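As a plain string of letters, each chain reads:
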Amino acid sequence: MDRPYTICHMLSSLDGKIIGDFLEDDRSAYFIHEYERIHDRYECNAWMCGRITMQEHFAHEYIPPSNQDKQSPIPRTDYIAQKDVETYAVAIDPHGKLAWNHNYISEENGNRTTDHIIEVLTEEVPDAYLAYLQELGISYIFGGTKELNVVTVVKKLKALFSIDRLLLEGGGVLNGSFLNEGLIDELSLVFVPFAEASSPALTMFENSSSFKETFPVHFELIRVEPMEHNGLWMTYRVEGNSK
């Protein structure tokens, strides 16, 4: 296979929400801990999140320098700062909005501290942002000119970094793009016993205006494991779809 085997690993309320006030409930701490434990259990050599998720939990907002227009042009070629490390954190950041403290996930993020960061960009990012990533020693790849092509992205992750197992961890539009392109092999779902009907939060798979066509995807149940506090861990294998 010319791409990583991909497991979509998510934590969801009973009504399909992946963010919302329910995550701030004291009882959610147990499920978040178990979610991280399962993350480790998969022993994947990379995990991936979208920009919003990364900025909320692992990064902060990039502030362009006042003199960014004076930056010399930098070729739009993939930049490999480190290779053959044990684990990678893949940030989907098409327009270069994320700022980092290091070229790995910072110490306050527990079990993910050794994960070397790979930024996934479009060719429209400013030259100053590429220079910023190079200065920090952060790897980056280009997934498209103006919009990302997730098929191109995963093929590059396999070819350039030898990533053969990838945990996809949202958000909803990113998950939906992988699902629509037939790039998800397995679904790992931690169901927490909450419902939050008033919340407009995204669900685990969302449509996007960039999708030309969508297709139903069929899943085969592999495992159901009861959790404490009335939760469930469910895993599915993708059987195929009508695409």
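Residues numbered from 1 in each chain as written. Predicted model: local features only at pLDDT ≥ 70, side-chain atom pairs only at ≥ 80, totals over all residues. Heavy atoms only, no water.

1. Notes on the overall build of the protein chain
Then, number 1: Of the regular secondary structure elements, the protein chain holds five helices and eleven strands.
Then, number 2: Along the longest, intermediate and shortest principal axes, the C-alpha atoms of the protein chain span 55 × 40 × 35 Å.
Then, number 3: A burial count over the protein chain gives 48% of its 243 residues as buried.
Then, number 4: Put simply, 75% of the contacts in the protein chain that link residues at least 6 apart link residues at least 24 apart. (Helix = DSSP H or I, 4+ residues; strand = E, 2+ residues; numbered from the N terminus. Buried < 20%, exposed > 50% of the residue type's maximum accessible area, 1.4 Å probe, protein only. Contact = heavy atoms within 4.5 Å.)

2. Some thoughts on the environment of Glu 36
Then, number 1: Within the secondary structure, Glu 36 sits in helix H1 (residues 28–41).
Then, number 2: A relative accessible area of 23% means that Glu 36 is categorised as partly exposed.
Then, number 3: With 91 residues separating them along the chain, Glu 36 and Asp 127 place their C-alpha atoms 35 Å apart.

3. Some remarks on the pairing of strand S8 (residues 165–168)
Looking down a regular strand, the side chains alternate between one sheet face and the other.
Then, number 1: Where strand S1 (residues 5–12) lies against S8, four bridges are found, and the strand directions are parallel. Note on S8: the bridge partner recorded for Ile 7 is Leu 167.
Then, number 2: As paired elements, strand S2 (residues 46–50) and S8 share three bridges and run parallel to each other. Bridge pairing in S8 places Ala 46 opposite Leu 166. (Pairing = 2+ DSSP bridges.)

4. Some details on the pattern of salt bridges
Then, number 1: Inspection of every chain in the model, using the stated rule, returns ten salt bridges.
Then, number 2: The salt bridge partner of Asp 2 is Lys 155, with a shortest N-O separation of 3.6 Å. Separated by 153 residues along the polypeptide, Asp 2 in the segment before S1 and Lys 155 in helix H4 (residues 150–161) bring together distant segments of the chain.
Then, number 3: Among the ionic pairs, Arg 76 bridges to Asp 127, the shortest N-O distance being 2.4 Å. With Arg 76 in the loop between strand S3 (60–61) and strand S4 (88–92) and Asp 127 in helix H3 (residues 127–136), this pair connects stretches of sequence that are 51 residues apart. (Salt bridge = Lys/Arg side-chain N within 4 Å of Asp/Glu carboxyl O.)

5. Considering unusual backbone geometry
Then, number 1: A cis amide bond links Gly 170 with the next residue in sequence, Gly 171, at an omega value of 5°.
Then, number 2: Among the secondary structure elements, Gly 171 is positioned in the loop between S8 and helix H5 (172–180).
Then, number 3: Although it is not a glycine, Asp 84 sits at a positive phi angle of roughly 65°.
Then, number 4: Assignment of secondary structure puts Asp 84 in the loop between S3 and S4.
Then, number 5: Judged by its relative accessible area of 62%, Asp 84 is exposed.
Then, number 6: Notably, Ser 162 is not glycine yet its phi reads approximately 60°, a positive angle.

6. Some points on the nonpolar core
Then, number 1: Trp 47, Met 54, Trp 100, Leu 121, Tyr 129 and Val 190 are the most contacted members of the largest nonpolar core, which totals 39 residues.
Then, number 2: Contributions of two or more residues to this core are made by S1, H1, S2, S4, strand S5 (98–99), strand S6 (116–121), H3 and strand S7 (139–142).
Then, number 3: If one sorts the elements of this core by residue count, H3 sits on top with five residues.
Then, number 4: When sequence neighbours within four positions are dropped, the list of residues in contact with Trp 100 reads Met 54, Phe 58, Ala 59, His 60, Ala 91, Ile 105, Ile 117, Glu 119, Tyr 129, Tyr 132, Leu 136 and Ile 138.
Then, number 5: Cys 8, Tyr 88, Ile 118 and Leu 168 belong to the second-largest nonpolar core, a separate cluster that totals 28 residues. (Core = buried A, V, L, I, M, F, W, Y, C linked by side-chain atoms within 4.5 Å.)

7. What to know about H4
Then, number 1: Given a rise of 1.5 Å per residue, twelve residues ought to cover 16 Å, and the 16 Å separating the end C-alpha atoms of H4 matches this to within 8%.
Then, number 2: When we look at burial in H4, the residues that qualify are Val 150, Val 153, Val 154, Leu 157 and Phe 161. One side of H4 carries all its buried residues, which in axial view fall inside an arc of 90°.
Then, number 3: Check the buried side of H4 and you find it contacts S2, S4, S6, S7, S8 and H5.
Then, number 4: Trailing H4 by a residue or two, Ser 162 shows a phi angle of about 60°, which is positive. (Expected span 1.5 Å × (residues − 1). Arc of directions from axis to C-beta.)

8. Thoughts on the side chain of Arg 3
Then, number 1: For Arg 3, the location among the structural elements is in the segment before S1.
Then, number 2: The exposure class assigned to Arg 3 is buried, which follows from its relative accessible area of 10%.
Then, number 3: Separated by 3.3 Å, the side chain of Arg 3 and the backbone oxygen of Leu 183 make a polar contact.
Then, number 4: In this structure Arg 3 touches Val 154, Lys 158, Gly 182, Leu 183 and Asp 185, once residues within four positions along its chain are discounted. (Polar contact = N/O pair within 3.5 Å; in protein donor to acceptor, adjacent residues only side chain to side chain.)

9. Re the packing of aromatic side chains
Then, number 1: Across all of its chains, the model carries ten aromatic pairs by this definition.
Then, number 2: Pairing Tyr 30 with Phe 31 gives two aromatic rings, centres 5.0 Å apart and planes at 75°, and the pair type is edge-to-face. Each member of the pair, Tyr 30 together with Phe 31, is buried.
Then, number 3: Note on Tyr 140 and Phe 142: the rings are 5.6 Å apart at their centroids and 75° apart in plane angle, and the pair reads as edge-to-face. Comparing Tyr 140 with Phe 142, the two get one shared label, buried.
Then, number 4: Members of the aromatic cluster, each reached through a chain of ring pairs, are Tyr 62, Tyr 129 and Tyr 132.
Then, number 5: In this arrangement the basic side chain of Arg 223 is found over the ring face of Trp 233, its NZ or CZ atom lying 5.2 Å from the centre. (Phe/Tyr/Trp six-rings, centres within 6.5 Å; stacked < 30°, edge-to-face > 60°. Lys NZ or Arg CZ within 6 Å of the ring centre and 35° of its normal.)

The quantities given are spatial measurements derived from coordinates; they are silent on function.
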